[in-house]
Amino acid sequence: LAVSIPSARNAGERTRAILASGLAMGGGAIWAMHFVAMLACKMDSHDTISYDLMITAVSAAVAVVSCSAGLAIVGSGVFSTVKLVIAGILMGVGVTGMHYMGMAAILMPADIQYDMALVAASAAIAVVANHAAGRGASRDSIQLDDIRAVMEHALARVRNILEHLVECHGHS
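Criteria and cut-off values
- Per-chain numbering applies: the sequence of each chain, read as written, is numbered from 1 onward.
- Totals for whole chains, interfaces and linings use all residues, but because this is a predicted model, local features are given only for residues with pLDDT of at least 70 and pairs of side-chain atoms are given and counted only at 80 or more.
- Based on all heavy atoms of the structure, the side-chain values leave hydrogens and waters out of the count.
- Lines fitted to C-alpha atoms define the axes here, with helix axes fitted over just the stretch in contact, and angles between the N-to-C directions of these axes take values from 0 to 180 degrees.
- Numbered from the N terminus, helices here are DSSP runs of H or I no shorter than four residues, and strands are runs of E no shorter than two.
- An angle counts as roughly parallel when it lies under 35 degrees, as roughly antiparallel when it exceeds 145, as roughly perpendicular when it falls between 65 and 115, and as oblique in every other case.
- Should the near helix be turned counterclockwise from the far one by less than a right angle, the crossing is left-handed, whereas a clockwise turn marks it as right-handed.
- Contacts are residue-level and defined by heavy atoms, with any inter-residue pair within 4.5 Å sufficient.
- Nine residue types can take part in a nonpolar core, namely buried Ala, Val, Leu, Ile, Met, Phe, Trp, Tyr and Cys, and a core is a set of them joined through side-chain atoms within 4.5 Å.
- Type-normalised accessible area, obtained with a 1.4 Å probe on protein chains alone, sets the label of each residue: buried when under 20%, exposed when over 50%, and partly exposed for intermediate values.

Draft legend 1. Here's a closer look at the packing of helix α1 (residues 11–40) against helix α2 (residues 53–74). Interhelical geometry of α1 versus α2 gives an angle of 135° and a closest axis separation of 7 Å. Comparing the axis directions of α1 and α2 gives the class oblique. The crossing of α1 and α2 is right-handed. Residue-level contacts link R14, I18, L19, S21, G22, L23, M25, G26, G27, I30, W31 and F35 of α1 to T56, S59, A60, A63, V64, C67, S68, L71 and A72 of α2.

Draft legend 2. Geometry of the nonpolar core. Ranked by size, the top nonpolar core spans 16 residues in total, and within it I30, W31, M38, Y51, M98 and I106 carry the most contacts. Where this core is concerned, the elements lending two or more residues are α1, α2 and α3 (81–104). With sequence-adjacent residues up to four places away left out, Y51 is seen in contact with F35, M38, L39, T56, A105, I106 and L107. In terms of nonpolar packing, the next biggest core, distinct from the first, is built from five residues, I5, I18, L71 and A72 among them.

See the structure below:
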């Protein structure tokens, strides 16, 4: 879907391509993967884990909006490294915000505490992964570096799922 952004023939097609790509990437891939990983989390000490619907919905919207905005930046006009960096930061910060908002949506009789150094590291990883994915998607022809960037991005997402599972099962 994202490759249809720069090839759109008019503003309407471009807007539809951006929104469809942002929804697929931000909602269908990134947010859904995170939320499914959170649903996989079971803690013996807490029988019931539920989620605040409003915070959960806002976290999904943050993912979709940040991905749409990043894709719009990278997919408009002439490609530049500056656009790629801005889009990578925007999308990475959006994914990070989505993640921690999703964690804040957890309703259970316990407090979640964070190591702020690891929170900052997770944000940096998200920015770098989104930058790499944008770099791979921004070229006209697919090169070996493009495939590597996409694979690194995919592996980062898999690692994220595994970290959720280990974190959740480590507390049981």
